[in-house]
Amino acid sequence: MEEKPSASIKPYLDKLTLGVTRILETSPGVAEVTFVEKEPAERHAIISWEQKNSCVLPEDLKNFYLMTDGFQMTWSVKTDDTTMPLGSMVINGISKLCRLGGSSMYTLPNAPGLADLEDDTDEEGNADKPEKPHFDSRSLIFELDPCNGNGKVCLVYQHAKPGKTERSKVSHLLLWIVSEDVSPETEIWFLDRALYWHFLTKTFTAYYRLLITHLGLPQWQYAFTSYGVSPQAKQWFNMYKPITINTALLAEEADSFVNKLDPNKVFKSKNKTPVIKKKPSSQPAGSQKNHTSVTSSKASSLAGNSSRK
């Protein structure tokens, strides 16, 4: 599949990115915006993926792949004389839409997997919340975005059973029928680095809008978790505000651990005006002798007066 970075985005790709490139290019400090143009995925590649994984892609994601086989846009900021990569928006292509938690033929029989790390105790008493995905056969999980190592955004099929396929021969063609054990309904979830699940959206289209409107800022998915983004990421959020940012996410609590520094005090000059100390004037040796003789004569006269009394 041919991939090439594009400086000038075509009109249909500008609609695909919702015009976010023009917003970034006019933002202060943004050095370069790179969009990797990808060819559309071939229809037989999508059918092959569905046959391999025994599930059907949601219609909006399938249409997305028929327009572009994946998505990648990055942008950098310039600090002093160095360029630092900051924003990243990625959606894996159909060939990289890999399953998480599935058993591999290369693993040992008794080797622990992701399903062994699952804890279902946190789901008790949360009937109003969406059911969390499972790493075992109850769910099918596929990685949409690696999030630069900060977690994984996943396409999740809930209430799945071990996949089955049936083969039928019609007009000398082999047709693979996907088993109906897999629910056609999908959800988009975020898996953080501690292997906790966080619900994002019901559909791929809604997640794609979140990805674009948050400008691919670092750790933006953590804004939808209970513990929020890190203090460093919050500074980038304040500088490059997402299009649909919830200001309550950036509000600092009274007991916030973020250091609040006064620039006027931090960068205040520490040069103090020197205090001039006056040195005692030096007297000649002769005058010191005369002074001591005068004081000794006064002391002797006082002693004589006291004896007379």
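(A) Representation of the pairing of strand β10 (residues 186–192) within the structure. Where burial is concerned, most of β10 is hidden: seven out of the seven residues are buried. Side chains Thr186, Ile188, Phe190 and Asp192 project from β10 onto one buried face, and the interleaved Glu187, Trp189 and Leu191 project onto a second face that is buried too. In this sheet, β10 lies alongside strand β7 (residues 151–157) in antiparallel orientation, the contact comprising seven bridges. Bridge pairing links Val153 to Phe190 in β10. Of the strand pairs in this sheet, β10 and strand β11 (residues 197–201) are connected by four bridges, and their pairing is antiparallel.

(B) Inspection of the packing of aromatic side chains at higher detail. Evaluated as defined, the whole model comprises 16 aromatic pairs. Both rings, one in Trp236 and one in Tyr240, keep their centres 6.4 Å apart while their planes meet at 20°; by these two values the pair is stacked. As far as the burial class goes, Trp236 and Tyr240 line up, both buried. Aromatic ring contacts, followed pair by pair, group Phe35, Phe64, Tyr65, Phe71, Phe204 and Tyr208 into a single cluster.

(C) Representation of the side chain of Gln221. The residue Gln221 is located in the loop between α5 (204–213) and α6 (231–239) in this model. In this view, Gln221 contacts Asp145, Cys147, Val153, Phe190 and Tyr207; residues no more than four positions away in its chain are not counted.

(D) Examining α5 more closely. Within α5, seven of the ten residues are buried, which leaves it mostly tucked inside the rest of the structure. Between a side-chain oxygen at the N-terminus of α5 and the backbone nitrogen of Ala206 the separation is 3.3 Å; the capping residue is Thr203. Trailing α5 by a residue or two, Leu215 shows a phi angle of about 60°, which is positive.

(E) Fine view of the nonpolar core. Within the largest apolar cluster, 49 residues are counted, with the highest numbers of intra-cluster contacts made by Leu57, Phe64, Tyr65, Phe71, Trp75, Ile91 and Leu144. With six residues, the single largest contributor to this core is α5. Each residue touching Ile91, except ones within four places of it in the same chain, is listed here: Phe64, Tyr65, Gly70, Phe71, Leu144, Phe204, Tyr208 and Leu211. With eight residues, the next largest nonpolar core counts Phe135, Ile141, Cys154 and Trp197 among its residues.

Parameters at a glance
- Residues numbered from 1 in each chain as written.
- Predicted model: local features only at pLDDT ≥ 70, side-chain atom pairs only at ≥ 80, totals over all residues.
- Heavy atoms only, no water.
- Buried < 20%, exposed > 50% of the residue type's maximum accessible area, 1.4 Å probe, protein only.
- Helix = DSSP H or I, 4+ residues; strand = E, 2+ residues; numbered from the N terminus.
- Pairing = 2+ DSSP bridges.
- Phe/Tyr/Trp six-rings, centres within 6.5 Å; stacked < 30°, edge-to-face > 60°.
- Contact = heavy atoms within 4.5 Å.
- Polar contact = N/O pair within 3.5 Å; in protein donor to acceptor, adjacent residues only side chain to side chain.
- Core = buried A, V, L, I, M, F, W, Y, C linked by side-chain atoms within 4.5 Å.

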